[in-house]
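Geometric and topological summary
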Amino acid sequence: MDNRWSVYGKTFESRFLIGSSLYPSPQVMRDAVQASGAEIITVSLRRQSPERGGGDTIWDFIKQMDCTLLPNTAGCHSVKEALTLAQMSREIFQTHWIKLEVIGDEYNLQPDPIGTLEAARQLIKQGFEVFPYCTDDLVLCQRLRDAGCQVLMPWGAPIGTGRGLINPYALQTIRERLPDVSLIVDAGLGKPSHAVQAMELGFDAVLLNTAVAQAADPVLMATAFAEAISAGRKSFLAGAMPQRQTAKPSTPTLGTPFWHQEGVDAS
């Protein structure tokens, strides 16, 4: 099975994007990323800038893994903040890729739909290749697509909650209505079974951080998620059986011995 997929002209085999924060140590982070098989890793300028002493160790580990970097604007609450951080990230990490985050609510860290759309438009004009983190709102996703985003990253649930896909219907609708856009479920996944569900909906990939970094065994959990993502993709390609309201026997009665047929006395 050819598992390759492409985004912004780059082709990858792994459909697992992984974050680089919250791990018990840089070594555990590196081991978990390697176990995941991920080829794309998200990085935060505030935490991992090679220009800042506090992030040198983590940055050294990230460089050794030879992954494609996806800088993010985590922690930004305005368009201006996001634009500034994106420009700094491009200069330091030497990439036009940016995971755009503009937070609109401090309680559930929900993305600001208006700010995200405005920031995406401006960043695209500046030559960025934008990965917008957004809610599962179909109209917003359509507007981001129209603005020039070739990939969308709707949440499964609020960041760090581990609740899984709280609105599978909305995510499935986005997949059906935007068949030519790369879709990545981002945020809210807590267990490998959640990743299976996302991939069975036809999403192209999954991005997560906390579910691996804060597991009791991050390395083993990274392996579990990698296997789950692969299983979900295979399930989507295979095509699941239709659901029914009533039972249907898997073994037909036609052709069975007469004494097994209903109403026949075999005595």
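Procedures and definitions
- Residues numbered from 1 in each chain as written.
- Predicted model: local features only at pLDDT ≥ 70, side-chain atom pairs only at ≥ 80, totals over all residues.
- Heavy atoms only, no water.
- Salt bridge = Lys/Arg side-chain N within 4 Å of Asp/Glu carboxyl O.
- Helix = DSSP H or I, 4+ residues; strand = E, 2+ residues; numbered from the N terminus.
- Core = buried A, V, L, I, M, F, W, Y, C linked by side-chain atoms within 4.5 Å.
- Buried < 20%, exposed > 50% of the residue type's maximum accessible area, 1.4 Å probe, protein only.
- Phe/Tyr/Trp six-rings, centres within 6.5 Å; stacked < 30°, edge-to-face > 60°.
- Lys NZ or Arg CZ within 6 Å of the ring centre and 35° of its normal.
- Arc of directions from axis to C-beta.
- Contact = heavy atoms within 4.5 Å.

**Some thoughts on the pattern of salt bridges**
What the rule picks out here adds up to 4 salt bridges. For the salt bridge of Asp186 with Lys99, the shortest nitrogen-to-oxygen distance reads 3.0 Å. Of this pair, Asp186 sits in strand 9 (residues 182-186) while Lys99 sits in strand 6 (residues 97-100), placing them 87 residues apart in sequence. Three or more residues are tied together by salt bridges with common partners; here these are Lys99, Glu101 and Asp186.

**Quick notes on the nonpolar core**
One finds Met29, Ile41, Ile62, Val130, Phe131, Ile184 and Val212 to be the most contacted residues of the largest nonpolar core, which totals 76 residues. In terms of residue count, helix 4 (residues 79-93) provides more of this core than any other element does, 6 residues in total.

**Describing the packing of aromatic side chains**
The full count for this structure, using the stated rule, is 5 aromatic pairs. Each ring, one from Trp5 and one from Phe12, has its centre 6.3 Å from the other, and the planes form 45°; the classification is tilted. In this pair, the class of Trp5 matches that of Phe12, namely buried. What links up through ring pairs into an aromatic cluster is the set Trp5, Tyr8, Phe12, Trp97 and Phe131. The residue whose ring lies beneath Lys10 is Trp97, and the NZ or CZ to ring-centre distance is 4.9 Å.

**So, unusual backbone geometry**
The residue Gln94 is not glycine, and still its phi comes out positive at about 60°. Accessibility expressed as a relative area gives 66% for Gln94, which makes it exposed. Of note, Leu109 is a non-glycine position whose phi angle comes to about 55°, a positive value. Examined against the element boundaries, Leu109 turns out to sit in the loop between strand 6 and helix 5 (113-125).

**With respect to the environment of Ile114**
Considering the arrangement of structural elements, one finds Ile114 in helix 5. Separated by 12 residues in sequence, Ile114 and Val102 have C-alpha atoms that sit 9.2 Å apart.

**A short note on helix 8 (residues 192-200)**
Burial in helix 8 covers these residues: Pro192, His194, Ala195, Ala198 and Met199. The buried residues of helix 8 occupy an angular sector of 150° when projected down its axis, which confines them to one face. Buried residues in helix 8 make contact with strand 9, strand 10 (205-208) and helix 10 (218-238). Phi turns positive one or two residues past the end of helix 8, at Gly202, with a value near 100°.

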